[in-house]
Each structure stands twice: as structure tokens, then as C-alpha cells.
Amino acid sequence: MTYKINDGIAFGILGPSGHGKTTLLRLIAGLEIPTDGYVYFDDELMSGPGRIIVEPERRNVAMVFQNWALYPNMTVYDNIAFPLKMAKMSRHEIDRRVREIAEELELTRVLNHYPKELSGGQMQRTALARALVKNPRILLLDEPFSNLDAALRDSARALVRRIQRERKLTTIIVSHDPADIFSITDVAGVIINGKFVQIGSPADIYNTPATTIIATLSGDINLLSAKVVENTALIANLRIPLGKGLINDNEVIIGLRPDEMKLLMEPQDIRGFIDIGKVRVKVSSYTLGVFRIVVSPISDENINIIVVSDEFIEPGREAHLLIKPDKIKIFNKEEKLIYPELKNLITAL
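Residues numbered from 1 in each chain as written. Predicted model: local features only at pLDDT ≥ 70, side-chain atom pairs only at ≥ 80, totals over all residues. Heavy atoms only, no water.

Concerning the sheet that holds strand 6 (residues 138-142)
What counts here: Following DSSP output, two strands are said to pair if at least two bridges run between them. Helix numbers and strand numbers start at the N terminus; a helix is a DSSP run of H or I with at least 4 residues, a strand a run of E with at least 2. Note on method: axes are straight lines fitted to C-alpha atoms, helices fitted across the in-contact stretch only, with angles between N-to-C directions ranging 0 to 180 degrees.
Taken together, the six strands give an open sheet; going across it, the order is 5-6-7-1-8-9, and neighbouring strands pair in mixed fashion. Of all the strands in the sheet, the pair left with one neighbour each is strand 5 (61-64) and strand 9 (195-200). Strand-to-strand twist across the sheet, computed as the mean angle between neighbouring axes with direction ignored, equals 20°. Relative to strand 7 (residues 170-174), strand 1 (residues 10-14) runs parallel, the two being bridged by four bridges. Counterpart to Phe11 in the pairing with strand 7 is Ile172.

Things to note about the packing of aromatic side chains
Here is the rule: The rule is short: rings of Phe, Tyr and Trp, with Trp giving its six-membered ring, pair when the centres are within 6.5 Å, and they are stacked under 30 degrees, edge-to-face over 60, tilted in between. Burial classes: relative accessible area under 20% of the type maximum marks a residue as buried, over 50% as exposed, and values in between as partly exposed (1.4 Å probe, protein chains only). Here, a charge over a ring is recorded when the distance from Lys NZ or Arg CZ to the ring centre is within 6 Å and its angle to the ring normal is within 35 degrees.
Counting across every chain of the model gives seven aromatic pairs. With a centroid separation of 6.4 Å and 50° between ring planes, the pair formed by Tyr3 and Phe196 is classed as tilted. One end of the pair, Tyr3, is in the segment before strand 1; the other, Phe196, is in strand 9, with 193 residues separating them in the sequence. Since its relative accessible area comes to 19%, Phe196 is described here as buried. Here the aromatic rings of Phe291 and Phe312 are separated by 6.0 Å at their centres, their planes lie at 65°, and the arrangement is edge-to-face. Residue Phe291 is located in strand 16 (residues 290-297), and its partner Phe312 is located in the loop between strand 17 (305-309) and strand 18 (318-323); the two are separated by 21 residues in the primary sequence. Through a chain of ring-to-ring contacts, the aromatic side chains of Tyr3, Phe11 and Phe196 assemble into a single cluster. Sitting over the ring of Tyr206, Arg257 keeps its end group 4.0 Å from the ring centre.

Overview of the packing of helix 2 (residues 76-86) against helix 3 (residues 91-104)
Note the cut-off: In these notes the angle categories are as follows: under 35 degrees is roughly parallel, over 145 is roughly antiparallel, 65 to 115 is roughly perpendicular, and the rest is oblique. Each crossing is labelled by how the near helix is turned from the far one, with a counterclockwise turn of less than a right angle marking it left-handed and a clockwise turn marking it right-handed. Whether two residues touch is decided by their heavy atoms; if any such pair falls within 4.5 Å, the residues are in contact. Residues are grouped as follows: Ala, Val, Leu, Ile, Met, Phe, Trp, Tyr, Cys and Pro are nonpolar; Asp, Glu, Lys and Arg are charged; every other residue, Gly included, is polar.
Orientation of helix 2 relative to helix 3, taken along the N-to-C sense of each, is 130°, at an axis distance of 10 Å. Viewed along their axes, helix 2 and helix 3 adopt a mutual orientation that is oblique. The chirality of how helix 2 crosses helix 3 is right-handed. Side by side, helix 2 and helix 3 meet where Tyr77, Ile80, Ala81, Leu84 and Lys85 of the first sit next to Ile94, Asp95, Arg97, Val98, Arg99 and Ile101 of the second. Residue classes in the contact of helix 2 with helix 3 are distributed as seven nonpolar, no polar and four charged.

A closer look at the packing of helix 2 against helix 4 (residues 120-132)
When two helices pack together, their arrangement is given by the angle between their axes and by how far apart the axes lie. Orientation of helix 2 relative to helix 4, taken along the N-to-C sense of each, is 30°, at an axis distance of 7 Å. Taken together, the axes of helix 2 and helix 4 are roughly parallel relative to one another. Remark: the crossing between helix 2 and helix 4 carries right-handed chirality. Side by side, helix 2 and helix 4 meet where Val76, Asn79, Ile80 and Pro83 of the first sit next to Thr126, Ala129 and Arg130 of the second.

Structural notes on helix 1 (residues 21-29)
The complete set of buried residues in helix 1 reads Lys21, Leu25, Leu27, Ile28 and Ala29. One or two residues past the end of helix 1 sits Gly30, with phi positive at roughly 90°.

Examining unusual backbone geometry
The peptide bond linking Tyr339 to Pro340 adopts the cis configuration, its omega dihedral lying at -5°. Note that Pro340 resides in the segment after strand 20 (337-339). Notably, Asp42 is not glycine yet its phi reads approximately 55°, a positive angle. Topologically, Asp42 is positioned in the loop between strand 2 (39-41) and strand 3 (44-48). Phi is positive for Ala69, close to 50°, though the residue is something other than glycine. By the element assignment, Ala69 lies in the loop between strand 5 and helix 2. Classification of Ala69 as partly exposed rests on a relative accessible area of 34%.

Dropping the structure here:
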């Protein structure tokens, strides 16, 4: 199968650990030799089975590694200047470019510092500056924010998004965190066992994941076993109305995202939501600005459902669980999506 990444877009890659995400970046950079398949830049062949046609240094690709890979014995200035020195540019041109990118990434005041003297955010920006200073054709980012504190990740994502858009720089980012993919990329793909199994906009992959595995990779989701009876999915005492067409007594898996549900102490009609029954609160914890509430159906405390709430709810209390019917995801016993209709599956699963 052939897939083309258009010039100037940001392309994101999700996938379980060890399934080929970083290997794909290294193949594009020319750091790995393909065992099969071909890598083209426009119409020029870069690599083929068992051989590299165009060497890495001639591809004009920049890669930012997960650990940033800064040279500890070099100052920030020299780290940024390193690829330009290797390209044998003039001292004047090197100085101009280094100071220009340092100004853009707010590194001017630390140009004479060594990596050990920098904050995590400054190290990440130094690695990014070193990649951008040679005006690469393609920027490859391998888990670029995983070593940053949560408080710094949003600003780092915003910086990468701004630079990518302003420069119209073809960018490919690998991350285990869907927030990185959703905040930066135009198109995303999911790799499982070395193959793309779904490609589409980040919103498409979030809303219509092809399988339960893709559903969990693209964000938090409750996957609940249910039985279909008269167009209704039954989960203990919870009753979820479904569209027509599902066969009675079928066993299905219902996918419900925590942020697409509500808990109410008293019955109340809310536009866009339906009440599917009563639950009991088991745990109420605060994280990243919201409360994560773990609830169970009244009739089965072994079933856990996570709901996001703006308010703390006392454990032990009963509440009504409301869901958005148009956000329900239904998977069959083989864990493949059967509702809503899938439009972006590119490989037979």
C-alpha cells in the first residue's frame, strides 16, 4: 500500500510501543535500511529494499529525538550551530542563522550556557532550534514532549504548531500521547504491527476508531460489554437506546468517552443527552483541572465507568448517568467498529 504525505502538512503517528513508529521516522531520515518497500521524496527514490539510494546528509531532513540528544560539552550556541558547521557554511552565515533562530525560540539569553544549566523547556527548544537552523525539507519529531513537565507541554505544543504553520514545514510527529497529535497535526495515522490501519483527521480517528485498540490509543474510553435486546444495549441496569439493525441477543462492546457523559443528582432533560439509568459513585479524584469520577451501575458494582465532571461528587452517592447518543461507539465481538459508519479505514483489519 502507498501513502503520500503532502508538502507543508503536519502528520501524526499513534501506535502501541514496539509497533514501528520510530522505525518509520528513521526510514524516512535514512537512518535505517528498509527490508521492503520504498521511500520517495516527491518523485526521487530515497531508499528501497535492502539499500539506501540517497544518504541521510543529502536528504535535508531534521530529526528531534525523545531525549533531545544535545552535546553536553557544547554551549547552546554551538549545539545549534553544529549542523551548519558540518555543512561548512561561513562563520558569518552561521552566526546570523543561530542568532535568528535563537531569537525566535527565546534562547538568546542562554546561548553561552551548557545543557546541564538549562531547564527542560530550554533543552527542548535548543533541540528544536538545532533542527530548524538548517531550514530542513522535513522535520521529524520523536516523542518530543515526553520529557517535559505537564505544565510545559501545552506551550511546547503551541510553539511547534506555530512554527510548522508559519514555515509550512512538512512535519511528522510520533507520540504515545494523543494530545500531541490532536493539538499539532492535520492528518494522523495509527500503526499496528508495522502497518497503518487507519488514517484520517485526528477528529475522525477520535470519533470513529476502527477498533477498540485504536479507540484506547486515541483517548480515554470506557469499553463496556453489552447485550442487544429490542434495539437496546443492556449493561446491568443501564439501558442504551440503539438504532435499528442490530440483531437481538448479539453481544457488543459499547464505547463511551468520559468527556461525553454527565452525572446528575436529580433527573433533568439536557439537550443532546439521554438518561440511561442510575449509577453509584465509587471514587472522585481531581486531575488536570477536572474531576474523574468512577461509577458503577446500581445493580453491578464490578463494572467501572469513568466520567469527567466539573464538580466533586461524594463517593457512595447515587446519580443519573447521561450520555450523548450520537457519540456512542459500537464494536462487535471481534472488537471492530460497526457504528458509527467508518469512513477512514485504509487497511483490512
